[in-house]
Structure formats: structure tokens, C-alpha cells
Amino acid sequence: MTSLSLRSISHAFDDRKVVDDVSLDLGTGEILCLLGPSGCGKTTTLRIAAGLEELQHGTVFMDGQIVADQNVLVPPEERGVGLVFQDYALFPHLKVIDNVAFGVENGNTDAKRRRAMDMLERVGMSHHAHDYPHMLSGGEQQRVALARALAPEPGVMLMDEPFSGLDVRLRDRVRDDTLALLKEMQTATLLVTHDPEEAMRMADHIALMKDGRIVQQGTPVDLYNRPVDAFVTRFFSETNEMSGKVSNGAAPSPFGDLPTNGLADGTGVSILIRPEALSPKRDGAPTKILSSRILGAYTLVRFVVESTGTEMTARVPGVLEIAPENINVGLDRSQCFIFPH
Ligand code: ATP
């Protein structure tokens, strides 16, 4: 069952198209991340889904019913969506419990407060029920905002960069707790983020946008391991890049010829190799190490391949305490991608 569908959504501001023919499907209980660089149209797409931005072109369905098209416009408060933004947006003059009870529609005041307390317990904030928002830290305020959005049990949650105001450690925790709660409540969620790691951590599916269009949709593994172009590859990690021409069905690389899956001979190609694809290997290509930098869980090793003079970076797990001057380097071809220019 699909909770939210966007069909052929396009949107322009002052004749500048910022969303261009976007279609998305969000299934029941699914978390879909809308990912992309700043300004690519993610927030505008989410606001159109919420009904906060007037629809210009396309159709929005919720639970199979049209909520926005050329003839229909259901207002945001009647769409049954929960909203969480980066800035929490709690009511400063209301206690935490009253903030959460505010959105609960059914029941008398006592029932609403009981429901609010239940939600606060689920986000680990019941001990702050009688505090005011200004007495809470950023992470605590974001938990309350989540409880408030989930209290009415919305069919769909729309979240726009909800964790980006939190510091790194806190972000990981709030993110994991939020993921567990959304899954427990089986709430279909569209989450906007510019952070590929966050998308991979949270999402069942990712839709990656660029210049208003969706470039690739799929599972995190699809996008990471089977990127459709150089933009998608680069969005998820650093890359070593080189160009070449296909000859005998293969592209040249410092580690020998690489199969191109049917590209015609003479085609100019970009070859993108992730740093983690390169590691010390006894029978690998001889290289000279230029520098070695420890980054905690892994070491970045900059080296030059002796046969071709190509400078590259490898990401080697663990700490390489004393870097030798020369090492042989092997290539894991699953993290090496070839695209025609
Ligand atoms: P970010 O991650 O930086 O929030 P985004 O991918 O969410 O970016 P949007 O906020 O959807 O992008 O904006 C897409 C483009 O539309 C941007 O160039 C932005 O400046 C422009 N834009 C957004 N809202 C308006 C508006 N109300 N009037 C005019 N231009 C707008």
C-alpha cells in the first residue's frame, strides 16, 4: 500500500524551474530519503507534498486519494501529515506536555494529555513534561518535536533536515532513536537530507536529486554499489578519477584493463575509483608512498603508481603506524566505476 505518491511534480519560482518532473512513491511503514546538494529542490518537493507550497504541475496522492492536482487542493491540516523541521518550532509559551497534546485531535483534555505523556515516554522525555521548551537542549527539543508530530498518529511524516541542528554525537543518538520509533509505529516517512551517510543510515529507499530532477532511486546499496553516473558516485564518497579510451572492450587503468560492459571501442570514459577499493596487496601494482594520514578508524595513504606515474589515495582500515616507502596496491573492482563522457 502506498501512503504518499508524487506524480510528475514540477515547480518554478519566477520562471526558474526548481522541481522538474519528480515522481516518488512512499509505501506504508517505509522511510524514503530525498537526498541531494543544497538548492536542488528537496524542500520545495516536501512542501508541495505537505500542501505548504501551492501545486503548479502534477498530482499528489495520499492513501490513493488525490490531495492536490489542477482541480483539488486539500489544505495541510487535512492531509494527516506530521511535520518536523530543523528548527523544532515548539510553542515557547506552552509546557512540553501541552506542546505534544496540542496536535492530538480526539478525546477530552485528560485523554489528550495521557496520549502526550505516552509519546513523551516513547522519546525518553517524560521527565521534562512540565518544563518549557527554553529549558531543554537542542536534542531534547527535537525529541519533543518528534513526539508532537507523531502524537496524532499521522499516516505520513515529512521531515526536513531534522537532525542538522544537533552536534555530531547527539545527532547519531537522536537519529537512531527516531529511526527505531518510526519503524515501531510503522510510520511512512519522507526525510529530506543533504547528508549521504544519514540517508544510508535511515532509509529503506533513497531518491537522489540534482537540479530539480531525480537522478537515481533505489535502496542504499543500489545507489552506493550501482551508481548510474559520476555525479551519484561522487555524492557518496571521495573518488580517484582518470580518463581514458575504450580499447578491446576495456578501459585502461594503473591496475590493468578494466571491463566496460559493452562500451564501443574509442569511447572516451571517466574511471572513478573509491579510496576503499585500494589496499596493500602482495601481488598488486608497485607504488611509492607520498604521505600517510591517520584518521582514527582508517588511514588515508597517498601514493604514486610507479608504472604510470598516477597519484591516488587509498583508504586503509586501521592505523598504519609506520608507513613504508613502497607498497604494492591491489584494486577491488566492485568499487571502481566507468562512465562514458
Ligand atoms: P537546501 O538543502 O539548501 O535547503 P533544497 O534542496 O531543499 O536546498 P529548495 O529549498 O527546495 O532546495 O530550493 C530550491 C531552489 O529554489 C533554490 O535555488 C532556492 O533558492 C529556490 N527557492 C526556494 N524557495 C523559494 C521562494 N519562496 N522564492 C524563490 N525561490 C525559492
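First, a word on what this report is: a plain description of the structure on this page. Nothing here was measured: the structure is a model prediction, and the numbers come from that model.

## Notes on the pairing of strand β16 (residues 298-305)
Bridge analysis of strand β15 (residues 278-294) against β16 gives seven bridges, and the strand direction is antiparallel. In the sheet register, T287 faces β16, and the bridge partner there is V305. Linking β15 back to β16 in an antiparallel pair, the connection comprises three residues, with G296 at a positive phi of about 90 degrees. Hairpin geometry of β16 and strand β17 (residues 311-317) is characterised by an intervening segment of five residues between the two adjacent antiparallel strands and by a positive phi of about 75 degrees at G309.

## Regarding the layout of surface pockets
Considering only enclosed or pocket space, the largest pocket measures out at about 600 Å³ in volume. Breaking the lining of the largest pocket down by element, the ones donating at least two residues are β6 (81-85) and α4 (138-150). Taken together, the residues that form the lining of the largest pocket break down as 14 nonpolar, three polar and four charged. Around the second largest pocket, the lining comprises 13 residues; the ones closest to its centre are P259, N261, C336, F337 and I338. At the level of elements, β13 (258-259) and β19 (336-340) are the ones that each hand at least two residues to the lining of the second largest pocket. By residue number, the principal contributor to the lining of the second largest pocket is β19, which donates four residues. Here the lining of the second largest pocket is composed, by residue class, of seven nonpolar, four polar and two charged.

## Things to note about the side chain of N240
With respect to the helices and strands, N240 occurs in strand β11 (residues 240-245). Given the relative accessible area of 8%, N240 is considered buried. Among the polar contacts listed, one links the side chain of N240 to the backbone nitrogen of T313, at a separation of 2.8 Å. Apart from the residues within four sequence positions on either side, N240 is in contact with I271, L272, I273, R274, P275, L278, R302, M312 and T313.

## With respect to the packing of aromatic side chains
Tallied over the full model, the rule gives four aromatic pairs. Between the aromatic rings of Y224 and F236, the centroid separation amounts to 6.3 Å while the plane-to-plane angle is 85 degrees, which identifies the pairing as edge-to-face. Of this pair, Y224 sits in helix α7 (residues 220-225) while F236 sits in helix α8 (residues 230-236), and the two are 12 residues apart along the sequence. A relative accessible area of 17% places Y224 in the buried class. The exposure class assigned to F236 is buried, which follows from its relative accessible area of 8%. Pairing F235 with F236 gives two aromatic rings, centres 6.2 Å apart and planes at 80 degrees, and the pair type is edge-to-face. Take F235 and F236: they sit in the same class, and that class is buried.

## Regarding the packing of helix α3 (residues 109-122) against α4
In contact at an axis separation of 9 Å, α3 and α4 are set at 135 degrees when each is read in the N-to-C sense. One finds that α3 runs oblique with respect to α4. Crossing hand, α3 versus α4: right-handed. Counted together, R115, M119 and L120 of α3 and V144, A147 and L150 of α4 form the full contact between these two elements. Residue classes in the contact of α3 with α4 are distributed as five nonpolar, no polar and one charged.

## Observations regarding α4
With 13 residues, α4 extends 18 Å between its outermost C-alpha atoms, agreeing within 8% with the 18 Å of an ideal straight helix rising 1.5 Å per residue. In terms of residue burial, α4 counts as a mostly covered element, since 11 of its 13 residues are buried. When α4 is considered as a whole, its buried residues turn out to be G139, Q141, Q142, R143, V144, A145, L146, A147, R148, A149 and L150. Those residues of α4 that are buried are in contact with β6, α2 (96-102), α3, β7 (156-160) and α5 (168-184).

## As for the site of the ligand
Near the ligand, the surroundings consist of F13, R16, V18, P37, S38, G39, C40, G41, K42, T43 and T44. C40 is positioned with one of its backbone polar atoms (N or O) 3.0 Å from an oxygen atom of the ligand. Between an oxygen atom of the ligand and a side-chain N or O atom of K42, the distance comes to 2.9 Å. Relative to its unbound accessible area of 630 Å², the ligand is 60% covered by the protein chains. Where the shell around the ligand is concerned, the elements lending two or more residues are β2 (16-27) and α1 (42-50). With three residues, the single largest contributor to the shell around the ligand is α1.

## Considering the sheet that holds β2
Read across the open sheet, the four strands follow the order β2-β1-β4-β5; overall the sheet is antiparallel. Looking along the sheet, the strands with just one partner apiece sit at the ends: β2 and β5 (65-68). Ignoring which end each strand starts from, the neighbouring axes of this sheet average 25 degrees apart. Note that strand β1 (residues 2-13) and β2 share eight bridges and pair antiparallel. In the sheet register, T2 faces β2, and the bridge partner there is G27. Relative to β1, α1 is tilted by about 120 degrees, and along the sheet it contacts β1, β2 and β4 (57-62).

Each value, and the rule that gives it
Residues numbered from 1 in each chain as written. Predicted model: local features only at pLDDT ≥ 70, side-chain atom pairs only at ≥ 80, totals over all residues. Heavy atoms only, no water. Pairing = 2+ DSSP bridges. Helix = DSSP H or I, 4+ residues; strand = E, 2+ residues; numbered from the N terminus. 1 Å grid on protein atoms, 1.4 Å probe; cavity = no way out; pocket = protein on both sides within 12 Å on 5 of 7 lines; lining within 4 Å. Points joined across faces, edges and corners; volume = space filled by probe spheres on them. Nonpolar A, V, L, I, M, F, W, Y, C, P; charged D, E, K, R; others polar. Buried < 20%, exposed > 50% of the residue type's maximum accessible area, 1.4 Å probe, protein only. Polar contact = N/O pair within 3.5 Å; in protein donor to acceptor, adjacent residues only side chain to side chain. Contact = heavy atoms within 4.5 Å. Phe/Tyr/Trp six-rings, centres within 6.5 Å; stacked < 30°, edge-to-face > 60°. Axes fitted to C-alpha atoms, helices over the stretch in contact; angles between N-to-C directions. Parallel < 35°, antiparallel > 145°, perpendicular 65-115°, else oblique. Left-handed = near helix turned anticlockwise from the far one by under 90°. Expected span 1.5 Å × (residues − 1). Near = heavy atom within 4 Å. Areas by Shrake-Rupley, 256 points an atom, 1.4 Å probe, with all protein chains shown as cover.

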